[in-house]
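# Structural features, examined
If you want the building blocks of each chain, they are given just below.
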Amino acid sequence: MTQKSSEDYLKTIYELSQNGKAVGTTEISQTLKIAPASVTEMLKKLANKGYITYSPYHGTTLTSEGRRIAEKIVRKHRLLERFLHDVLKIDKEKVHSQACEMEHSLSDEAEESLCRFLRHPDSCPDDGKMIPPCNLQIESCAKCIQLHEKGLEEEGKHNQRLIAISSLKEGQCGKIAFIRGGRNMVQRLLDMGLTPGTRICIVRIAPLGGPVELAVRDSKLAIGKGVASKIFVEVESPVAD
Amino acid sequence: MSCHSCPLNKKSSSQKARHLKIALAGNANVGKSVIFNHLTGLHQHIGNWPGKTVEKAEGTLQFKGYTIDIVDLPGIYSLSTYSLEEIVSRKYIAVEQPDIVINVVDASVLERNLFFTLQLMELETPMIVALNQMDIAKSKGINVDIKKMEQILGVPVVPTIAVKGVGIDKLLEKAIEIIEKAPDKKPAEIRYGEEIEEKISLLIDAMKDAELIYPRRYTAIKLLEGDEDIEREINRVAPQVVATAKKLASEIEKLHGHGCSTVITSERYEAAGCIARAVQTMVPPIKPTIGERVHSFTTHKITGYLTMIFSLVLVFYGIFTFGDVTSSVLSDLLYGLEPLVRSAFGTGIIGALVWGGVMEGLIAGITIVLPYIIPFYLILYFLENSGYLSRIAFLMDNIMHKMGLHGKAFIPIMLGFGCNVPACLGCRIMETQRERLLAAFVTTLVPCAATTVIILGLVGNFLGIHWALALYLFNFLIIFLLGRLAFKVVPGEPTALIMEMHDYRWPHMKTILKQTWFRVAEFIKIAFPLIIAGSFALKLAEVAGLLEPIAAALSPITVAWIGLPAITGITLIFGILRKELALVMLATLLGTTNFAEALTPMQMVVFTLVAMFYIPCIATIAALVKEFGWKKALTITLFEIIFAILLGGIAFRILTLLL
Ligand SMILES: Nc1nc2c(ncn2[C@@H]2O[C@H](COP(=O)(O)OP(=O)(O)OP(=O)(O)O)[C@@H](O)[C@H]2O)c(=O)[nH]1
Ligand SMILES: [Mg+2]
């Protein structure tokens, strides 16, 4: 199994499971245009490596390690798209396939530099999807530059489990790393006590893309899903199933 | 503030010495209104802040020879600029300078409440803390060291249990004592990190000579936080300071890697947390409380929705059944007065106008208010004060979101099914003016109880209940579509649901009764004059023989476009004034209650459709004017009339093809 193909699988599973559901084998085989039998084969291998959990009946979900790799590759992909589109002025239609080729060979160091260079890219050009946060504990790439100057990169490196509140499960806890969004909304969330470093726990998640309920500072807050997807936390412990 | 040495000013203030102003401030749901009611009894009135749709409850009280005006400020979490309430409150405190601010604090959620307390302290207003809900804190195993808290905050702290009246007198005595003995005593100052303090001093220096509304230190802090409202103020008196503040703020940002307002807010919360930890000891109970269990049950993805549907059906069914019975008893009673009035005013034109115009209007008002509106508000406030409404908002957020609104908007919409007037007023729970307008617009499309009478009485009775249901579904569809459309058209940013979920608790009945009383009074003030005037105008038109000409004038629309009998034009006009009687009017005009004789099934459907959408009644228009001004109210009204007429015509043509 090459690194490229396993990354492609993880990325595909990541993108298909955006709403947290398990992904079926058929879906993967259709997306990658690979025969179902080969897909099953590959999924078993990935499961052995601890990147995914796989069951023929319930489908596939990413483990936290798998998710980390997938997010990294998706991030590289989207950064590359921005670079190809914004800087090199390559056609929107062509950037995707180009980025697919390049993402696997882009080193982490190059990724950080690209992020700095592009200054706070929030979304990729073709479908406006958010670029997952870089694993430095920073709000935007403009901050990367400042941190870089002060040589603070190392400090952030171990914070590798940054994840939006909206993708946490009930019962999971974490510490707030940063909030994306307009000034007004960020101020409101700060005023309600969601300041960086504050510990929060997920109490309830309303079904069908509804709000999440958080326990924070000895009280409870309901936060709409859209806002929740902009609050990033450092997860404390993976949920015990 | 700067005039303390000015003799003229002193004199006028000593003249007013017997007159005091006290404001109640604090987070939402901490017990301000309970304390307010306790202090003022029925000597209060609810109005609006000038030019704003923010509620202002004021009351007066006599105490130790003083006449004290008390203002119940809206519940807020911060003094920034997120909502109208926040701006109004801080302006009030800074500009009107109440003699003392009573900061009501929920002892069971100390940290969050202290965050607000710290901001009040920064406003440098004389203040006193009412440490309320001590009973709940105790049941949560929280114990607060009052002495220590007073010491740290530099203001007196009085423990209270508002619902039982415990500590309220002491609170008032303490407040007066401060006003008498130490009116200029300022609360303790919160110190931020060195690098921030340095910038604050720089800014204070830069503003040395400027006339400011807010205290200097507060202004400096807010400028660093990038507070737009304050920036605007300062831009007028010292524009260069704003630029300096921006520069200093970006230095802090560089240093911390977070925005300056994030840094300052974090430090403030840190201070609040630190104080909370220093003054409280907590021994949490081991078992989850009943409230917590009810909470899990009522927010669960299955049981939560079931509970919600069940309770809403129960509430509406209960209100309508109760209302129906009481309403007919009442109207029988009141119509018993007819011979009396008739004999007093004669059977001529005057008698007809007095009875058919004024009295019948009054009766209509009474038979709505007592049987429907009162129970409605009682239940609403019960649900609100117990905490259930926020659970409903939580569960409905995703659906409301599809309309561009958030979960709280479901509450006025729900009210709309009873009556559009309280529903429009209820839109005040939304945070921004834009959100309020959108919610109010959607609300006026909701079929109220009177519309329901038409739907069920006409279509439901003569065409079958499935037709009535189909019309309801169609109504929801239109609400959804128009809601989305309005969301797209009205400029501005949508706000998302960010709401505190309070613990469940048993509501305080006296407060509920008072809140209901004031709401009903508000309703009567808005709706009664209009209902009576409308009734009178109609009778006048009838007596003057204008009905036929009006019907004829409307016939190009009613007959040619919508395909209804000409006489229905009058009913529709009548419906604006008194929607609940539109059906009775129709029966009178058609000369039969068996509508099937006079209207084809298609005409019934079209008539009902138009009646559903064409306008909220005149009282609703008045409520819209009150909340949003003439222009917006008229726009909504005109839009809905035109929309309903268009819809009626289209429905007529489509149904002709189908049926
Ligand atoms: N157990 C208990 N309940 C209280 C106490 N004070 C207030 N409550 C309850 O708390 C709820 C909210 O009280 P309100 O006075 O309406 O709160 P408020 O501060 O005016 O809230 P907003 O108007 O939303 O800002 C009511 O149901 C009260 O019965 C208290 O000391 N003990
Ligand atoms: Mg109140």
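Fair warning: this is a prediction, and the values are worked out from it, not measured in the lab.

## Digging into the overall build of chain B
In terms of regular secondary structure, chain B is built from 29 helices and ten strands. Taking the principal axes of its C-alpha atoms as reference, chain B extends roughly 85 × 60 × 55 Å. The buried share among the 659 residues of chain B stands at 57%. Across chain B, every contact between residues at least 6 apart in sequence was considered, and the portion connecting residues at least 24 apart equals 74%. With the model as given, the accessible surface of chain B reaches about 28,500 Å², and the carbon-plus-sulfur share is 67%. Positive and negative side-chain charges of chain B, numbering 59 and 57 respectively, have mean locations separated by a distance of 1 Å.

## Some details on a nonpolar patch on the surface
Residues Leu638(B), Ile642(B), Leu646(B), Ile650(B), Ile654(B), Leu657(B) and Leu658(B) make up a contiguous nonpolar surface patch of roughly 750 Å² in combined accessible area. As for its position among the elements, Ile642(B) is in helix 29 (residues 618–658).

## Things to note about the state of the cysteines
Enumeration over the complete set of coordinates arrives at one disulfide over all chains. The disulfide bridge from Cys173(A) ends at Cys201(A), spanning 2.0 Å between sulfur atoms. Here the S-S torsion is close to 105°, and the disulfide linking Cys173(A) with Cys201(A) is therefore right-handed. Highlighted residues: Cys173(A) in strand 4 (residues 173–179) and Cys201(A) in strand 5 (residues 199–205), separated in sequence by 28 residues. Taken individually, Cys173(A) and Cys201(A) each receive the classification buried, so the pair is uniform in this respect. Distance from the sulfur of Cys617(B), which forms no disulfide, to the nearest cysteine sulfur (Cys419(B)) is 6.3 Å.

## Observations concerning the packing of helix 8 (residues 194–206) of chain B against helix 11 (residues 239–256) of chain B
Residue and element names in this part refer to chain B. Interhelical geometry of helix 8 versus helix 11 gives an angle of 175° and a closest axis separation of 10 Å. Judged on the interaxial angle alone, helix 11 and helix 8 are roughly antiparallel. Across the interface between the two elements, Glu195, Ile196, Lys199, Leu202, Leu203 and Ala206 from helix 8 touch Val241, Thr244, Ala245, Leu248, Glu251, Ile252, Leu255 and His256 from helix 11. For the contact of helix 8 with helix 11, the class distribution of residues is nine nonpolar, two polar and three charged.

## Here we look at unusual backbone geometry
Residues and elements named next belong to chain A. Its identity is not glycine, yet Lys33 carries a phi of approximately 55°, on the positive side. Looking at the element boundaries, Lys33 is found in the loop between helix 2 (25–32) and helix 3 (36–48). Taking the relative accessible area as the measure of exposure, Lys33 reaches 75% and is therefore exposed. Residues other than glycine seldom take positive phi values, yet Asp218 does so here, at roughly 60°. Its location among the elements puts Asp218 in the loop between strand 6 (212–216) and strand 7 (219–223). Residue classification places Asp218 among the partly exposed positions, given a relative accessible area of 49%.

## A short note on the site of ligand 1
All names here are of chain B. Surveying the vicinity of ligand 1 reveals 20 residues, the closest of which are Asn29, Lys32, Ser33, Val34 and Asp135. At a separation of 3.0 Å, a nitrogen atom of ligand 1 approaches a polar side-chain atom of Asn132. At 3.2 Å, a backbone N or O of Gln133 approaches an oxygen atom of ligand 1. Across the complex, the protein chains shield 89% of the 650 Å² of accessible surface that ligand 1 would expose by itself. When contributions to the shell around ligand 1 are tallied by element, the ones reaching two or more residues are helix 2 (32–40) and helix 5 (134–139). Looking at which element gives the most residues to the shell around ligand 1, the answer is helix 2, with three residues. Of the residues in the shell around ligand 1, the class split is eight nonpolar, nine polar and three charged.

## Digging into the pattern of salt bridges
By the definition in use, this model includes 37 salt bridges over all chains. Of the charged contacts, one joins Glu86(B) and Arg188(A) as a salt bridge, the two residues approaching to 3.6 Å between their closest N and O atoms. Highlighted residues: Glu86(B) in helix 3 (residues 84–96) and Arg188(A) in helix 9 (residues 183–191), drawn from two different chains. A relative accessible area of 7% means that Arg188(A) is categorised as buried. With a closest N to O distance of 3.7 Å, Asp229(B) and Arg232(B) form a salt bridge. Highlighted residues: Asp229(B) and Arg232(B), both in helix 10 (residues 228–237), separated by three residues, approximately one helical turn.

## Focus: the domain arrangement of chain B
Here the domain parsing of chain B yields domain 1 (16–181), domain 2 (194–282), domain 3 (298–448 + 475–526) and domain 4 (539–658). The C-alpha centroid of domain 4 of chain B is placed 50 Å from the C-alpha centroid of domain 1 of chain B.

## Observations concerning the domain arrangement of chain A
One can read the domain layout of chain A as domain 1 (3–62), domain 2 (67–132) and domain 3 (162–235). The straight-line distance from the C-alpha centre of domain 2 of chain A to that of domain 3 of chain A is 27 Å.

## As for the nonpolar core
All names here are of chain B. The biggest cluster of nonpolar side chains holds 108 residues, and the ones touching the most others in it are Met308, Ile392, Val606 and Phe613. Considering each element in turn, this core owes the most residues, 15 residues, to helix 29. When residues are assigned to domains, this core turns out to be shared by domain 3 (298–448 + 475–526) and domain 4 (539–658), each giving three or more. Counting residues in hydrophobic clusters, the runner-up holds 63 residues, among them Val101, Met127, Leu223 and Val263.

## Looking at helix 1 (residues 3–16) of chain A
Taking 1.5 Å of rise per residue, the 14 residues of helix 1 of chain A would be expected to cover 20 Å, and the 20 Å separating its terminal C-alpha atoms lies within 8% of that figure. Looking at the buried residues of helix 1 of chain A, the elements they touch are helix 2, helix 3, strand 1 (52–55), strand 2 (59–62), helix 4 (64–87) and helix 5 (92–102) of chain A.

Parameters and conventions
- Residues numbered from 1 in each chain as written.
- Chains lettered and ligands numbered in written order.
- Predicted model: local features only at pLDDT ≥ 70, side-chain atom pairs only at ≥ 80, totals over all residues.
- Heavy atoms only, no water.
- Helix = DSSP H or I, 4+ residues; strand = E, 2+ residues; numbered from the N terminus.
- Buried < 20%, exposed > 50% of the residue type's maximum accessible area, 1.4 Å probe, protein only.
- Contact = heavy atoms within 4.5 Å.
- Areas by Shrake-Rupley, 256 points an atom, 1.4 Å probe, with all protein chains shown as cover.
- Lys, Arg positive; Asp, Glu negative; His and termini not counted.
- Charge placed at Lys NZ, Arg CZ, Asp CG, Glu CD.
- Patch = residues over 30% accessible without salt bridge, like charges linked within 9 Å, V, L, I, M, F, W, Y side chains within 5 Å.
- Salt bridge = Lys/Arg side-chain N within 4 Å of Asp/Glu carboxyl O.
- Disulfide = S-S within 2.5 Å.
- Axes fitted to C-alpha atoms, helices over the stretch in contact; angles between N-to-C directions.
- Parallel < 35°, antiparallel > 145°, perpendicular 65-115°, else oblique.
- Nonpolar A, V, L, I, M, F, W, Y, C, P; charged D, E, K, R; others polar.
- Near = heavy atom within 4 Å.
- Polar contact = N/O pair within 3.5 Å; in protein donor to acceptor, adjacent residues only side chain to side chain.
- Domains from an automatic or database assignment.
- Core = buried A, V, L, I, M, F, W, Y, C linked by side-chain atoms within 4.5 Å.
- Expected span 1.5 Å × (residues − 1).

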